[in-house]
Number of protein chains: 2
Amino acid sequence: MKQEAKPATGAPTTLWDRTRQLASQEILETALRLFTEQGYDETTIAQIAREAGVSQRTLFRYFGAKEDLLGGGQDRFGQVLMDTISEQHADAGVWEALRAGVAAVLDLHDSREQALERFRLLHNTASLHAGWLEKRLRFQENLLPLIEARMDPAAGNEGAKARALIATAFACLDAASITWVANDGKGEIMDLYDECVAAVRG
Amino acid sequence: MKQEAKPATGAPTTLWDRTRQLASQEILETALRLFTEQGYDETTIAQIAREAGVSQRTLFRYFGAKEDLLGGGQDRFGQVLMDTISEQHADAGVWEALRAGVAAVLDLHDSREQALERFRLLHNTASLHAGWLEKRLRFQENLLPLIEARMDPAAGNEGAKARALIATAFACLDAASITWVANDGKGEIMDLYDECVAAVRG
DNA sequence: ATCATGGTTGGCAGTCACTGCCAGGTTGGC
DNA sequence: GCCAACCTGGCAGTGACTGCCAACCATGAT
């Protein structure tokens with residue numbers, strides 16, 4: 001997964017940028033390690049900052065909130081989702097477009113193991129899960145016009161229906177990833193996703 | 001909505017219970033008032049406690065968390081959902097059962113205005129929304145066996161599919177309530193819900 | 001090489017939600 | 001009236017998060 005090198009590397013990379021990059025990565029890795037070792041709620045910001053060698057203040061400047069420490073590319077996530085869906089053929093159905101978006105997002109993980117670890121953490125920590133869902137709401141809102149444009153404009157309440165469709169896609173992704181984690185990463189998430197979508201639309 | 005008096009009132013009502021009831025109601029009303037007046041995030045626990053005439057400590061004993069101050073019957077909500085769904089005829093389909101549950105839950109609000117106010121607050125306050133979603137995750141988990149039992153056991157992955165169906169129902173409720181709030185309470189939420197479900201299953 | 005500059009960092013104090021603990025006071029059964 | 005069960009308020013403490021300020025340092029101009 002993710003064979004692409006970051007294209008921004010070609011841009012005028014100042015030393016500051018590189019330092020930032022380094023620090024950011026260090027923090028992220030430390031956080032993920034501690035989270036998996038001792039759990040999310042049991043890991044304090046102070047501990048992460050200490051072990052990553054930065055101050056709490058700096059940590060909060062890099063990542064605005066504790067939950068941002070999971071899922072490193074929090075904004076990249078939303079961006080990829082948007083881009084992928086808007087790139088779909090105009091005559092592709094709503095479900096195909098959403099499926100493509102989900103697939104692209106899943107592809108963002110560095111490895112199968114990392115994906116499994118993140119999902120495991122996510123689904124086992126209520127507070128984290130809630131925060132994640134909240135972030136997803138923002139994505140859903142952004143996606144709204146994209147999906148609405150692909151819907152049959154005949155009947156009314158496109159807004160509500162588009163929202164429902166988007167949220168349903170995410171719901172299926174959730175169900176799929178939970179099951180995937182429960183099976184310790186056996187099989188493909190996308191297969192589970194497809195099964196879920198089929199069950200809902202059945 | 002909610003014509004039923006609480007059946008527990010007949011039980012041996014001690015003075016303590018009555019006092020508790022009173023205090024609880026006072027806190028709840030104060031909280032809802034302040035929330036709507038100045039917003040959820042702008043209202044502190046200290047302020048609610050002060051205006052309700054109790055200590056912070058007591059407030060937290062009544063309601064474990066700030067978000068519990070919205071949606072008075074936080075646990076009643078889940079209970080009603082479970083009860084209603086399990087009361088459905090055994091041969092009722094999954095969608096009918098879920099629909100009955102959603103309808104019952106919506107019926108819990110004291111009035112249309114209260115429902116509108118709560119939904120408005122909920123959808124306009126990110127932090128609140130997150131907490132609400134977290135609570136909902138627990139309901140979904142509780143519902144799982146109930147829904148699983150009503151599904152076709154032929155194919156595999158009932159767990160994933162049941163989860164997807166439940167989450168989809170909630171997603172439709174969300175989409176419906178958001179639209180309802182956006183329309184200032186015009187029309188019926190259940191009609192919107194039905195439209196959303198139809199769009200998803202279409 | 002030097003210096004001004006602007007982005008960067010760390011520490012400190014403070015806010016807010018929330019919890020454990022302890023000292024009262026009130027209620028209910030006897 | 002008395003004791004036990006229960007409730008309340010206050011206090012101190014934790015943990016996430018923010019604003020503020022002084023020190024810092026890569027960078028570009030001189």
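Since we're looking at a predicted model, the values are computed, not measured.

Caption draft 1: Region of interest: the domain arrangement of chain A. Residue and element names in this part refer to chain A. For chain A, the assigned domains read domain 1 (13-69) and domain 2 (74-201). At the interface, 7 residues of domain 1 touch 9 residues of domain 2. Buried area between domain 1 and domain 2, both sides added, is near 790 Å², and the carbon and sulfur share of it is 63%. Its largest share of buried area at the contact with domain 2, domain 1 owes to Leu32, Tyr40 and Glu67, together 55% of the area lost on that side. Where domain 1 packs against domain 2, one counts 2 salt bridges.

Caption draft 2: Examining the packing of aromatic side chains more closely. All names here are of chain A. According to the stated counting rule, one finds 10 aromatic pairs over all chains in the structure shown. When the ring of Tyr62 is compared with that of Phe63, the centres are 6.5 Å apart and the planes differ by 35 degrees; the resulting orientation is tilted. Taking relative accessible area as the criterion, Phe63 reaches 4% and is therefore assigned buried. Centre to centre, the rings of Phe77 and Phe139 are 5.4 Å apart; their planes meet at 15 degrees, and the pair counts as stacked.

Caption draft 3: Quick look at the protein's contact with DNA strand C. The environment of DNA strand C is formed by 19 residues, the closest being Thr58 and Arg61 of chain A together with Trp16, Arg57 and Lys66 of chain B. If you look at DNA strand C and keep only atoms within 4 Å of the protein, 57% of those are sugar or phosphate atoms. Between DNA strand C and Ser55 of chain A there is a distance of 3.0 Å, counted from a phosphate oxygen to a side-chain nitrogen or oxygen. Here a phosphate oxygen of DNA strand C sits 2.6 Å away from a polar atom, N or O, in the main chain of Lys66 of chain B. For the surface near DNA strand C, the secondary-structure elements that each account for two or more residues are helix H1 (15-38) and helix H3 (56-62) of chain A together with helix H1 (15-38) and helix H3 (56-62) of chain B. When residues of the surface near DNA strand C are assigned to their parent elements, the largest contribution, 4 residues, is made by H3 of chain A. Within the surface near DNA strand C, the residues separate by chemical class into 8 nonpolar, 6 polar and 5 charged.

Caption draft 4: Looking closely at the side chain of His123 of chain A. Residues and elements named next belong to chain A. Tracing the backbone through its elements, the reader meets His123 in helix H6 (residues 112-124). Of the residues examined, His123 reaches a relative accessible area of 18% and is grouped as buried. Non-local contacts of His123, meaning those with residues more than four positions away in its chain, are made with His129, Asp174, Ser177, Ile178 and Val181.

Caption draft 5: Highlighting the environment of Ala176 of chain B. By the element assignment, Ala176 of chain B lies in helix H8 (residues 158-182). The contact partners of Ala176 of chain B, leaving out residues within four places of it in the chain, are Ile189, Leu192, Tyr193 and Cys196 of chain B.

Caption draft 6: Examining the protein's contact with DNA strand D more closely. Lining the immediate environment of DNA strand D, one finds 19 residues, of which Arg57 and Lys66 of chain A together with Arg57, Thr58 and Arg61 of chain B sit closest. Of all DNA strand D atoms lying within 4 Å of any protein atom, the proportion belonging to sugar or phosphate reaches 59%. Contacts to DNA strand D include Ser55 of chain B, whose side-chain N or O atom sits 2.9 Å from a phosphate oxygen. Within the contact set of DNA strand D, a phosphate oxygen lies 2.9 Å away from a side-chain nitrogen or oxygen of Tyr62 of chain B. Counting residues per element, the ones that place at least two in the surface near DNA strand D are H1 and H3 of chain A together with H1 and H3 of chain B.

Definitions and cut-offs
- Residues numbered from 1 in each chain as written.
- Chains lettered and ligands numbered in written order.
- Predicted model: local features only at pLDDT ≥ 70, side-chain atom pairs only at ≥ 80, totals over all residues.
- Heavy atoms only, no water.
- Domains from an automatic or database assignment.
- Contact = heavy atoms within 4.5 Å.
- Buried area = accessible area lost by both parts, 1.4 Å probe.
- Salt bridge = Lys/Arg side-chain N within 4 Å of Asp/Glu carboxyl O.
- Phe/Tyr/Trp six-rings, centres within 6.5 Å; stacked < 30°, edge-to-face > 60°.
- Buried < 20%, exposed > 50% of the residue type's maximum accessible area, 1.4 Å probe, protein only.
- Near = heavy atom within 4 Å.
- Polar contact = N/O pair within 3.5 Å; in protein donor to acceptor, adjacent residues only side chain to side chain.
- Helix = DSSP H or I, 4+ residues; strand = E, 2+ residues; numbered from the N terminus.
- Nonpolar A, V, L, I, M, F, W, Y, C, P; charged D, E, K, R; others polar.

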